[in-house]
Amino acid sequence: TMAHSKALLVLENFIAGKFVPCSSYIDSYNPSTGDVYCRVPDSGKEEVEAAVKAAKNAFPIWSSKSPLERSQILNKLADLIEHDLEAFAQAESKDQGKTITFARTVDIPRAVYNFRFFASSILHHTTECTEMATIGCVHYTSRAPVGVAGLISPWNLPLYLLTWKIAPAIACGNTVVAKPSEMTSVTAWMMCKLLEKAGVPHGVVNVVFGTGAKAGEALVCHPDVPLISFTGSTLTAQRIVEKSAPHCKRLSLELGGKNPAIVFDDADLSQCIPTTLRSSFANQGEICLCTSRIFVQRGIYSEFLKRFVAEAKKWKAGNPSDPTVDVGALISKEHLEKVRSYVKKAQAEGARVHCGEGVDPLALPTGNQKGYFMLPTVIAEVKDESCCMQEEIFGPVTCVVEFDTEEEVIERANRVKYGLAATVWSSNVGRVHRVAQRLQSGLVWTNCWLVRDLNLPFGGMKASGIGREGAKDSYEFFTEVKTITIKH
Ligand code: NAD
C-alpha cells in the first residue's frame, strides 16, 4: 500500500560528497519483526565506476594533507558519531537484530574509537634508516598512500567493522570506496551524513550500497582500485582472490573461525563460565571470534557442563530494543534456518542438545513472533569430525566435549581448517604459555576473551585469513613503502 511504502527508509549511495539515488533497490528486513523496513540501492558497475572516479579525483588533495590535518578531521568525525551515539545504536539494533545494549556498549563506541585510535596512531609512525658509512651511503624508507582503497564489510558488526577499515585507510591518505553488507547498510549511510561537517573533502569517502555479487565484485574487478580490504566469509574471500588475480591486487582478508575454548581442570570456573557464555553467545554468536568448540578436561567436565547449561538457560530472548534482553534476532530467515539445520544434523548423529533450540520454549513478545530468534544452544556428546565441530555455524550454538591431556587437546583444537581465535583457561602459567604457543590461531586469549589493544596485530591464520590489522599492520597495508638510497 501507499502508506506502507511511504514508511520505508530509502537509502542512497554517497558519491563525491552527494547522495545519489539508484535505478533499482533491494529490500532490507528488520530481523526482529520479519518486516521489510528499508530499501537499499542495488548498485552495480555504473555506480562503482562513478564512486571510483570520485575517489581518484579526491586522492591528490587528500594524500597531500599532513597526517595532523587528517587526524583532526578523523577526530571531528569521531565526535560527531559519538554525539549521535544513541541514534546510531538504535539504527544498528533495528537493522541487524542485535540487542540495543550490545549496540550501545560495543558497536557504536568502537566505531567512534576506531576513528580516534587511527587519528592518534597516524601521528606516531617512523620509517627506517640505515647507513653504509664506508661507501658514503644512507638508505631510508618512505611510505605513501596507495590510492583508491576498496573496502568490503560483513553484516555482523556493521559500523564497527566498516570504520575499522575506513579510519586507517583515510588516515594514511588513501581515498575509499566502501561497500557495506546489503543486509546492514543503514549506519554507514547515517555516517555519510556527517562527513561534510567533519571536514572530510568530497570524494574521500564514497559508499556504494548493494550485493556482493554485483557491487562488491565490480569493486574487486575495477582496475583503478589497487587494494581490497575484506572482512567476511572464507568462501567469498576465495572468489575475491580469484577475481582480483588478473590485477595482482593487494588483499587483506579477515575471515571466519571455528574457535576453541580449552578449559583445564585448574581453571577458575567462576571466571571461565560467564566469559565462555559471552564468548559463545554474545551478539547471537554472530562474531567471528565467538567460541564454538569448548574442550573441558575430564575431571571437571560434568560440573562445567551442568553450570554452563544452567547459566545459558537464563539468557532471555526478545525484542532487541528492550534493554533487559540478552539475545536478539539473527540476521535473516535463511541464516536462522542454516543455524537450526546444524542442530538437527548434530541430533541425527546422536549428539545431545542440552538447552536451546528444540529443547526449551521460545517465548517471544507479540510483535516479534515473525522475527528470526533462537535460544543459546549447547550441544554435547558430539564427535570432532561432526560438521558442528568443523564448520563455522555463526549463530548461538556451541559444542562442549571432554579431553584428557594437554597434548591431545592441542592436536584436536588445531584439527580444523580455521585459525582465528582461541581461549585457554588454566591457573598454571607455564601451561598457558605452552598451549598458547602451539595453537594454530592468530589470537589466543588466556583466562579472558575479546580483550583488545588495537595497537597489536589482529587476524587469522589458515582459512581464517591473510594479513593482519592494527596500528602498525593497517599502516603497512594501506601504504606503499619505498627504499631510497642517497650517496654523497
Ligand atoms: P560474506 O562473505 O557473505 O559477505 C561479506 C561482504 O562481502 C558483504 O558486503 C557481501 O556483500 C560481500 N560479498 C559477497 N560476495 C562478494 C563477491 N563475490 N565479491 C565481492 N564482495 C562480495 O560474509 P557475511 O555473511 O556478511 O559475514 C559473516 C562472515 O564474516 C563470517 O564468516 C565471519 O566469521 C566473518 N567475519 C570475520 C571477521 C574477522 O575479522 N576475521 C569479522 C567479522 C566477520
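These notes cover the structure that comes with them. (Residues numbered from 1 in each chain as written. Predicted model: local features only at pLDDT ≥ 70, side-chain atom pairs only at ≥ 80, totals over all residues. Heavy atoms only, no water.)

Description of the overall build of the chain
Link 1 in the chain: A count of helices and strands for the chain gives 16 helices and 23 strands.
Link 2 in the chain: A globule of 488 residues ought to have a C-alpha radius of gyration of about 23 Å, and the chain, at 23 Å, matches this closely.
Link 3 in the chain: For the chain, the spread of C-alpha atoms along the principal axes amounts to about 75 × 70 × 40 Å.
Link 4 in the chain: The 488 residues of the chain split such that 57% are buried.
Link 5 in the chain: Partitioning the contacts of the chain with sequence separation of at least 6, the portion at a separation of at least 24 is 75%.
Link 6 in the chain: Summed over its atoms, the accessible surface of the chain is roughly 20100 Å², and 55% of this surface lies on carbon and sulfur atoms.
Link 7 in the chain: In the chain, 53 side chains carry a positive charge and 52 a negative one; their mean positions are 2 Å apart. (Helix = DSSP H or I, 4+ residues; strand = E, 2+ residues; numbered from the N terminus. Rg over C-alpha atoms; globule rule 2.2 N^0.38 Å. Buried < 20%, exposed > 50% of the residue type's maximum accessible area, 1.4 Å probe, protein only. Contact = heavy atoms within 4.5 Å. Areas by Shrake-Rupley, 256 points an atom, 1.4 Å probe, with all protein chains shown as cover. Lys, Arg positive; Asp, Glu negative; His and termini not counted. Charge placed at Lys NZ, Arg CZ, Asp CG, Glu CD.)

Some words on the site of the ligand
Link 1 in the chain: The ligand sits among 30 residues. The nearest are Ser 153, Trp 155, Ser 233, Thr 236 and Glu 392.
Link 2 in the chain: A distance of 2.6 Å separates an oxygen atom of the ligand from a polar side-chain atom of Glu 392.
Link 3 in the chain: Relative to its unbound accessible surface of 850 Å², the ligand loses 89% to contact with the protein.
Link 4 in the chain: At a threshold of 2 Å from the grid points, most atoms of the ligand map onto the largest pocket.
Link 5 in the chain: The biggest single contributor to the shell around the ligand is helix α8 (residues 212-221), with four residues.
Link 6 in the chain: Each residue belonging to the shell around the ligand can be placed in one class, and the counts come to 13 nonpolar, eleven polar and six charged.
Link 7 in the chain: Counting only domains with at least three residues in the shell around the ligand, you end up with domain 1 (9-255 + 464-487) and domain 2 (259-446). (Near = heavy atom within 4 Å. Polar contact = N/O pair within 3.5 Å; in protein donor to acceptor, adjacent residues only side chain to side chain. 1 Å grid on protein atoms, 1.4 Å probe; cavity = no way out; pocket = protein on both sides within 12 Å on 5 of 7 lines; lining within 4 Å. Sits in = over half its atoms within 2 Å of the grid points. Nonpolar A, V, L, I, M, F, W, Y, C, P; charged D, E, K, R; others polar. Domains from an automatic or database assignment.)

Shape is all these values report; function is a separate question.
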